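So the chains spell out like this:
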Amino acid sequence: MEHIQAIRGMNDVLPSDSALWRYIENIIRQTVYSFGYDEIRTPILEKTELFKRNIGAATDIVEKEMYEFNDRNGDSLALRPEGTASAVRLGLEHGLLAQGIQRWWYMGPMYRHERPQKGRYRQFYQLGVEAFGVMSADIDLEMILLSEALWHNLSLRAPLLLQINTLGTATSRKTHKEKLVDYLSGYHDELDVDSQRRLHTNPLRILDSKDEKTQKIIRDAPKLIDYLDEAAKAHFDAVCAGLDALGIAYQINPALVRGLDYYTHTVFEWVSNELGAQGTVCAGGRYDSLVEQMGGKPMPAVGFALGLERLLLLLQLQQVEVQEPADIYVVSTPGAPRLYALKLARVIRNRRKNLRVVTDCSDASFKNQFKKADKSGANIALIVGEDEYTEKSVTIKNLCNPEVAQKRLDEETVLNFVDEYNRRDYNGRILQRR
Ligand code: ATP
Ligand code: MG
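This section reports on the structure supplied with the text. (Residues numbered from 1 in each chain as written. Chains lettered and ligands numbered in written order. Predicted model: local features only at pLDDT ≥ 70, side-chain atom pairs only at ≥ 80, totals over all residues. Heavy atoms only, no water.)

To continue, consider the site of ligand 1. Around ligand 1, the structure places 16 residues, and the nearest of them are Arg112, Glu114, Arg120, Tyr121 and Arg258. One of the backbone nitrogen or oxygen atoms of Thr280 is found 3.1 Å away from an oxygen atom of ligand 1. Across the complex, the protein chains shield 92% of the 590 Å² of accessible surface that ligand 1 would expose by itself. Mapped by element, the contributors of at least two residues to the shell around ligand 1 are strand 6 (123–132), strand 10 (280–286) and strand 11 (301–307). Looking at the shell around ligand 1, the element that brings in the most residues is strand 10, giving 4 residues. Taken together, the residues of the shell around ligand 1 break down into 7 nonpolar, 4 polar and 5 charged. (Near = heavy atom within 4 Å. Polar contact = N/O pair within 3.5 Å; in protein donor to acceptor, adjacent residues only side chain to side chain. Areas by Shrake-Rupley, 256 points an atom, 1.4 Å probe, with all protein chains shown as cover. Helix = DSSP H or I, 4+ residues; strand = E, 2+ residues; numbered from the N terminus. Nonpolar A, V, L, I, M, F, W, Y, C, P; charged D, E, K, R; others polar.)

This is the structure we're talking about:
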């Protein structure tokens, strides 16, 4: 019979990769914590309407990427394609957005029916960070500082490039949109098919086209930045001045737009030149009108989303490797000594919560158990054979240095030794560059 395979574009994480995943997730958790952000968790399924109404009907996500279906009651549900709409829903539903400034983060899978390729999947993981209730550019700067802290804490070797732009307010966008449509209509037949369609649905998104010919036409298109009102200009100037003061390098990219309708004012992306076409690792910006649009009181907001797979690819390219060797490997004879060994391991784990203690549960010979002990990366083997069992003792062997003779000691002495045992670093893990 044929094996059933996973769904295209939805990836398994194998043991060989999961340590790197946990490394990234742990650093993310530490970093958002250090900025004082609180975690929220929302369901993976929401009413389809939540995304349709708030992300924008003419966006790629809603037009062609959402996993929608009717459940058994006939309700239209969707697998969440992003997290911001859910975060705002949560904030309104539980009255949190009426309680002043909120700073939130969440991490989990998102779903989009895209063409799977490197760095683009149908199930992918995002870290989302959102802050509500601050109008000033300082909070935009905090978002950028937080993302920058992530790159720093992850020890990314090559820096990511920060690109920023402003989308202004709805009014400035409208004026610009008219000029843009006028301009692009003059080149209608030379635009790629997608862009021709977007000319009438979502012209701003044409600026994001990957088509070479279209890109050339865009180069001389009217720039939104030239149509900003005073307030939008002042906000953007404050962001740029802040970045200068903080010494964060950036590039203003007038063609930077986001694929979601709710963005206003500042938008930004962190881009890597090591990932090919899918170079955007992190993207975000302000969405000052979304809360009101969703039925709340007007409330400024800013956030970003970071794709964990792209970060993982980047760390792998930079040859970051996380090893999680066992600390202690327990070798024993099946039967009564084995039970004694299991008990001993239990005592050690209770006393030293961070140690990895692996007990061999096989019927293999000591020779083969030692082979597995070496493979586990453990520094120490504890051996329990018939003699050790009858004498309530344990033989301890240094796996790193075969010169050191193994010793049989009473249980208490071994436990005291293990209490002192230490060999590292980050959460019991070893971080290495090859
Ligand atoms: P892109 O232009 O790369 O499609 P987007 O504008 O659709 O990005 P957002 O919705 O802003 O991206 O998502 C933020 C981040 O989430 C992206 O920068 C990327 O790192 C990640 N991401 C988005 N879609 C996918 C996907 N299909 N597979 C893997 N990661 C993704
Ligand atoms: Mg996309």
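Moving on to the nonpolar core. In this structure, Leu127, Trp151, Phe304 and Leu306 are the most contacted members of the largest nonpolar core, which totals 50 residues. Not counting residues up to four positions away in its chain, the partners in contact with Trp151 are Leu156, Leu160, Trp270, Val281, Cys282, Leu306 and Leu311. Residues Met66, Ala85, Tyr183 and Met294 belong to the second largest nonpolar core, which totals 42 residues. (Core = buried A, V, L, I, M, F, W, Y, C linked by side-chain atoms within 4.5 Å. Buried < 20%, exposed > 50% of the residue type's maximum accessible area, 1.4 Å probe, protein only. Contact = heavy atoms within 4.5 Å.)

With respect to the element layout, Ser86 can be found in helix 4 (residues 84–93). By relative accessible area, which is 0% here, Ser86 ends up buried. Setting aside anything within four residues of it in sequence, one finds Ser86 in contact with Thr42, Glu46, Leu50 and Phe51.

This paragraph deals with the sheet that holds strand 17 (residues 407–410). Pairing is mixed across the open sheet formed by 5 strands, whose spatial order is 14-13-15-16-17. Two strands close off the open sheet at either side, each with one partner strand: strand 14 (357–359) and strand 17. With direction set aside, neighbouring strand axes in the sheet form an average angle of 30°. Pairing analysis gives 5 bridges linking strand 13 (residues 328–332) to strand 15 (residues 380–384), with the strands arranged parallel. From the neighbouring strand, Ser332 faces strand 15, where its bridge partner is Val384. Docked against the sheet, helix 12 (residues 336–351) engages strand 13, strand 14, strand 15 and strand 16 (393–398), running at close to 170° with respect to strand 14. Here helix 13 (residues 366–376) sits on the sheet in contact with strand 13, strand 15 and strand 16, set at roughly 170° to strand 13. (Pairing = 2+ DSSP bridges. Axes fitted to C-alpha atoms, helices over the stretch in contact; angles between N-to-C directions.)

Moving on to the environment of Glu292. For Glu292, the location among the structural elements is in helix 10 (residues 290–293). Along the chain, Glu292 and Glu420 lie 128 residues apart, while their C-alpha atoms are 58 Å from each other. Beyond its immediate sequence surroundings of up to four residues, Glu292 is in contact with Lys297 and Pro298.

Attention shifts here to the sheet that holds strand 3 (residues 68–70). With antiparallel pairing, 3 strands are arranged side by side in an open sheet as 2-4-3. Each having just a single partner strand, strand 2 (45–47) and strand 3 make up the two edges of the open sheet. The mean angle between the axes of side-by-side strands here comes to 40°, regardless of whether they run parallel or antiparallel.

The next thing to look at is the packing of aromatic side chains. As enumerated under the stated definition, the model contains 8 aromatic pairs in all. Judged by centre distance (5.8 Å) and plane angle (75°), the rings of Trp151 and Trp270 are edge-to-face. Note that Trp151 is positioned in helix 5 (residues 137–153) and Trp270 in strand 9 (residues 264–271), a separation of 119 residues in sequence. Like Trp270, Trp151 is buried. Following the ring pairs from residue to residue traces out a cluster consisting of Trp104, Phe132 and Tyr287. (Phe/Tyr/Trp six-rings, centres within 6.5 Å; stacked < 30°, edge-to-face > 60°.)

Tracing the sequence through the fold places Ala234 in helix 9 (residues 230–246). Classification of Ala234 as partly exposed rests on a relative accessible area of 46%. Taking C-alpha positions, Ala234 is 54 Å from Leu355, a pair spaced 121 residues apart along the chain.

Turning our eyes to something else, we now look at helix 9. With 17 residues, helix 9 should reach 24 Å at 1.5 Å per residue; the first-to-last C-alpha distance of 24 Å fits that figure. Every buried residue of helix 9 is listed here: Ala232, His235, Phe236, Val239, Cys240, Gly242 and Leu243. For helix 9, the angular spread of the buried residues around the axis is 155°, confining them to a single face. In helix 9, those exposed residues whose orientation departs by more than 90 degrees from the buried face are Glu230, Ala231, Asp244 and Ala245. The opening residue of helix 9 is Asp229, an N-cap whose side-chain oxygen sits 3.3 Å from the backbone nitrogen of Ala231. (Expected span 1.5 Å × (residues − 1). Arc of directions from axis to C-beta.)

Turning our attention to the pattern of salt bridges. Taken as a whole and assessed by the stated rule, the structure comprises 23 salt bridges. One salt bridge in this structure joins Glu68 and Lys52, with 3.4 Å as the shortest N-O distance. A residue pair is termed long-range when its members are at least 10 positions apart, and Glu68 in strand 3 and Lys52 in helix 2 (residues 48–55) qualify at 16 residues. Judged by relative accessible area, which is 37%, Glu68 ranks as partly exposed. A relative accessible area of 32% means that Lys52 is categorised as partly exposed. The partner of Arg89 in a salt bridge is Glu93, with the nearest N and O atoms 2.8 Å apart. With Arg89 and Glu93 both in helix 4 and 4 residues apart, the pair spans about one turn of that helix. Connected through salt bridges with shared partners, the residues Asp60, Glu63, Lys64, Asp194, Arg197, Arg198, Arg205 and Asp208 form a single ionic network. (Salt bridge = Lys/Arg side-chain N within 4 Å of Asp/Glu carboxyl O.)

Regular strands have side chains that alternate between both faces of the sheet. Counting buried positions along strand 7 (residues 161–166) gives 5 out of 6 residues, so the element sits mostly inside the fold. Pairing of strand 7 with strand 9, which is carried by 6 bridges, proceeds in the antiparallel orientation. Paired with Ile164 across the bridge in strand 9 is Phe268. Across 2 bridges, the pairing between strand 7 and strand 8 (residues 251–252) is parallel. Its bridge partner being in strand 8, Ile164 is matched across the sheet by Ile252.

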